[in-house]
Structures are given as C-alpha cells and as structure tokens.
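Listed below are the residues making up each chain.
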Amino acid sequence: MHKVPEDVSERGSRWPKQWPLRLEKPPYWLNSQTGVYGRAAPDDFVTDYEHWKRIFSQSCLNGMGINWSYVRNVMDMRAVYGGFAAALKDLKVWVMNIVPIDSPATLPIIYERGLLGMYHDWCESFNTYPRTYDLLHADHLFSSLGQRCNLVVVIAEVDRILRPEGTLIVRDNAKTVSEVETLVKSLQWEVRMTFSKNNEGLLCVQKTKWRPKAVETIWSAIA
C-alpha cells in the first residue's frame with residue numbers, strides 16, 4: 001500500500017490541483033526527482049501523457065474495433081504514471097492502474113492524479129473480487145514477466161479476469177507479441193488487430209464465449 005509521507009520536507013504540504021487539472025499536470029513535488037525514462041520527472045510525466053493521448057485517439061478509440069459503450073471496467077496492467085488511464089478521462093469507464101512490483105514505485109504519482117491503483121506481482125494471482133474486467137491493457141509487461149515466470153500461467157490469469165467478449169491490448173517486442181498471440185489463439189480468442197514494426201508489436205484480441213462442444217473422457221487420467 002502507498003502511504004502519504006508525514007515529513008513535510010519530503011513531499012511538501014500543498015493540496016493537489018483541482019480535477020481535472022491534477023490529472024494533466026505533474027505534481028509540484030516531482031521537480032526534484034528523475035523520471036522513469038531518465039529525464040526530469042515533470043518532462044517524463046508530460047511526455048507520457050501526450051504519448052497515451054495520441055495513441056488512444058489514433059488507434060484505441062476507433063482503429064481496433066472496440067465498442068466502448070460496452071466497456072466499464074478497465075485495467076492497465078503496467079501503469080507507469082497512469083497516462084493510459086488519464087487518456088480515457090472523457091469516457092464513462094473505471095480504471096485500475098497496476099504498478100508491477102519490479103517496476104519503479106510510481107503509485108504516489110498515480111494517486112496524486114486522482115486515479116486508483118495498487119502494486120502487484122503478475123507472477124501471482126490477482127484478487128478480482130467482486131468484478132471482472134472489460135478491457136485489459138499491457139504495455140511491455142509480458143516480455144519482462146517472461147524472465148521471472150511462465151507466460152502460459154500469466155495468460156491463464158488474464159483469461160480468468162477478463163470477461164467473455166472483453167478485449168486485451170498488448171504492446172511489446174515482436175517476439176513476445178507473437179508468443180501471446182499463439183497462446184490466446186489456443187484459447188479460441190479472436191484476433192482483431194496485429195501489427196509489428198522495428199521489432200515492436202501491437203496485438204488486440206477479443207475473448208470469445210467458446211466452450212468445447214463435447215466432453216471427452218480421458219480414461220488414462222482416471223485409471
């Protein structure tokens with residue numbers, strides 16, 4: 001859990017800006033820090049937000065065949081500054097921002113923006129009670145997880161927390177995107193969009209309501 005610092009010298013004591021300005025402007029206390037991508041933190045924050053606004057308007061909103069009127073619960077599986085969630089601010093959606101435990105601890109920034117979030121280890125199960133999610137977004141998550149845990153297990157967890165006819169958007173290196181595509185196809189998911197360029201890949205898939213039509217008894221497993 002994120003705890004608010006009690007020492008005024010560490011974070012200051014000024015209230016965040018009013019919504020939605022607090023969503024779009026970096027917190028004043030970032031001025032003395034270095035950002036996740038190596039630049040000054042305020043510059044990182046602004047660049048990240050502009051990046052996701054551009055990506056969302058150019059591809060996610062209209063280019064992937066997603067019916068946003070059916071999307072309510074969204075999860076960003078690797079939120080950095082919460083830029084993806086901020087880009088969705090004009091939609092009637094609820095976004096859970098997940099900061100992986102092996103990523104920089106940016107949850108205070110996400111909270112300062114007025115967003116929701118938590119830390120999680122994606123090599124373990126995720127407590128989704130009492131909801132499933134309509135859309136999952138994973139930006140360069142699976143390639144890093146592949147170094148620590150079995151990607152098959154992670155995709156099985158994705159299948160569990162995503163509702164039927166929900167959407168998964170994956171951005172990662174081309175090799176990892178290809179592996180994920182193979183796994184979700186084995187689950188009979190529908191590929192809505194796939195793209196790769198300069199070793200970077202994009203995948204948009206929809207979970208289907210597929211179920212086996214017949215039950216086959218495997219006697220060797222019973223004996």
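Everything numeric in this text was worked out from a predicted model, so none of it was measured.

1. So, the packing of aromatic side chains
In this structure the tally under the stated criterion is six aromatic pairs. Pairing Tyr37 with Tyr81 gives two aromatic rings, centres 6.4 Å apart and planes at 65°, and the pair type is edge-to-face. Taken together, the residues Tyr37 in the loop between α2 (21-24) and α3 (41-60) and Tyr81 in the loop between β1 (73-76) and α4 (83-87) connect sequence positions 44 residues apart. Classification of Tyr81 by relative accessible area gives buried; the value is 2%. When the centroid spacing of 5.7 Å and the interplanar angle of 85° are considered together, the rings of Trp52 and Phe84 count as edge-to-face. One end of the pair, Trp52, is in helix α3; the other, Phe84, is in helix α4, and 32 residues separate them in sequence. The same class applies to Trp52 and to Phe84, which are both buried. Counting every residue linked through ring pairs, the aromatic cluster contains Tyr37, Phe45 and Tyr81. A cation over an aromatic ring shows up here: Arg113 above the ring of Tyr49, its NZ or CZ 5.3 Å from the ring centre. One residue, Arg131, lies across the ring of Trp94, its end atom 4.4 Å from the ring centre.

2. Description of the side chain of Asp121
Within the element layout of this structure, Asp121 appears in the loop between β3 (116-120) and β4 (133-139). In this structure Asp121 comes out as buried when scored by relative accessible area, which is 13%. Polar contacts involving the side chain of Asp121 include one to the main-chain amide nitrogen of Cys123, which spans 3.0 Å. Of note is the side chain of Asp121, whose polar atom sits 2.9 Å from the side chain of Arg148. Setting aside its immediate chain neighbours within four residues, Asp121 contacts Ile101 and Arg148.

3. Description of the sheet that holds strand β7 (residues 200-206)
Working definition: the strands of a sheet are paired by backbone hydrogen bonds and lie parallel or antiparallel to each other. Spatially, β3-β2-β1-β4-β5-β7-β6 is the arrangement adopted by the seven strands of the open sheet, whose pairing is mixed. Because the sheet does not close on itself, it has two edges, and the strands there are β3 and β6 (190-197). Ignoring strand direction, the axes of neighbouring strands in this sheet form an average angle of 15°. Two elements, strand β5 (residues 162-173) and β7, share seven bridges in a ladder whose sense is antiparallel.

4. Details of the nonpolar core
For soluble globular proteins, the rule of thumb is that nonpolar side chains tend to be buried together. If you look at the biggest cluster of nonpolar residues, it comprises 28 residues, and the most contacted ones within it are Met75, Met77, Trp122, Leu136, Phe142, Leu168 and Val180. Looking at this core, the elements with two or more residues in it are β2 (94-100), β4, α6 (142-145), α7 (151-161), β5, α8 (174-186) and β7. Setting aside its immediate chain neighbours within four residues, Met75 contacts Met96, Ile98, Trp122, Phe126, Tyr133, Leu135, Leu136, His137 and Ile161. Core analysis: the next-biggest nonpolar cluster, separate from the first, contains 26 residues, Ala87, Leu88, Val95 and Ile110 among them.

5. Digging into the pattern of salt bridges
Tallying each qualifying case throughout the model produces 14 salt bridges. Here Arg148 and Asp121 are joined by a salt bridge, their closest N and O atoms 2.9 Å apart. In this pair, Arg148 sits in the loop between α6 and α7 while Asp121 sits in the loop between β3 and β4, placing the two residues 27 residues apart along the sequence. In this structure, Glu181 engages Lys185 in a salt bridge whose closest nitrogen and oxygen atoms are separated by 3.2 Å. A residue pair is termed a helical-turn pair when its members lie 3 or 4 positions apart in one helix, as Glu181 and Lys185 do in helix α8 at four residues. Glu181 sits in the buried class, given a relative accessible area of 16%. Judged by its relative accessible area of 46%, Lys185 falls in the partly exposed class.

Basis of the calculations
Residue positions within a chain follow its written sequence, with the count starting from 1. This being a predicted model, a pLDDT of at least 70 is required before a residue's local features are given, and a value of 80 or more before pairs of side-chain atoms are given or counted; all residues contribute to the totals for chains, interfaces and linings. Side-chain measures were taken over the full set of non-hydrogen atoms in the model, leaving aside hydrogen atoms and water. Aromatic rings from Phe, Tyr and Trp, taking only the six-membered ring of Trp, are treated as a pair when their centres fall within 6.5 Å; an angle between ring planes under 30 degrees marks them as stacked, one over 60 as edge-to-face, and anything in between as tilted. Note on conventions: DSSP H or I runs of at least 4 residues are helices, E runs of at least 2 residues are strands, and numbering of each starts at the N terminus. Residue burial is assigned from relative accessible area. The probe radius is 1.4 Å, only protein chains are included, and a residue is buried under 20% of its type maximum, exposed over 50%, and partly exposed in between. Any Lys NZ or Arg CZ found within 6 Å of a ring centre and within 35 degrees of that ring's normal is scored as a charge over the ring. In protein, a polar contact requires one atom able to donate a hydrogen and another able to accept it; more generally it is a pair of N or O atoms within 3.5 Å, and residues adjacent in sequence count only if both atoms are side-chain atoms. Residues count as neighbours in contact if any of their non-hydrogen atoms are within 4.5 Å of one another. Here the rule is simple: two strands pair whenever DSSP picks up at least two bridges between them. To get an axis, a line is fitted to the C-alpha atoms, and for a helix only the part in contact is used. The angle between two axes follows their N-to-C directions and goes from 0 to 180 degrees. For our purposes a nonpolar core is just a set of buried Ala, Val, Leu, Ile, Met, Phe, Trp, Tyr and Cys residues, chained together by side-chain atoms within 4.5 Å. For this document, the term salt bridge refers to a Lys or Arg side-chain nitrogen within 4 Å of an Asp or Glu carboxyl oxygen.

Nothing here speaks to function; it is all geometry.
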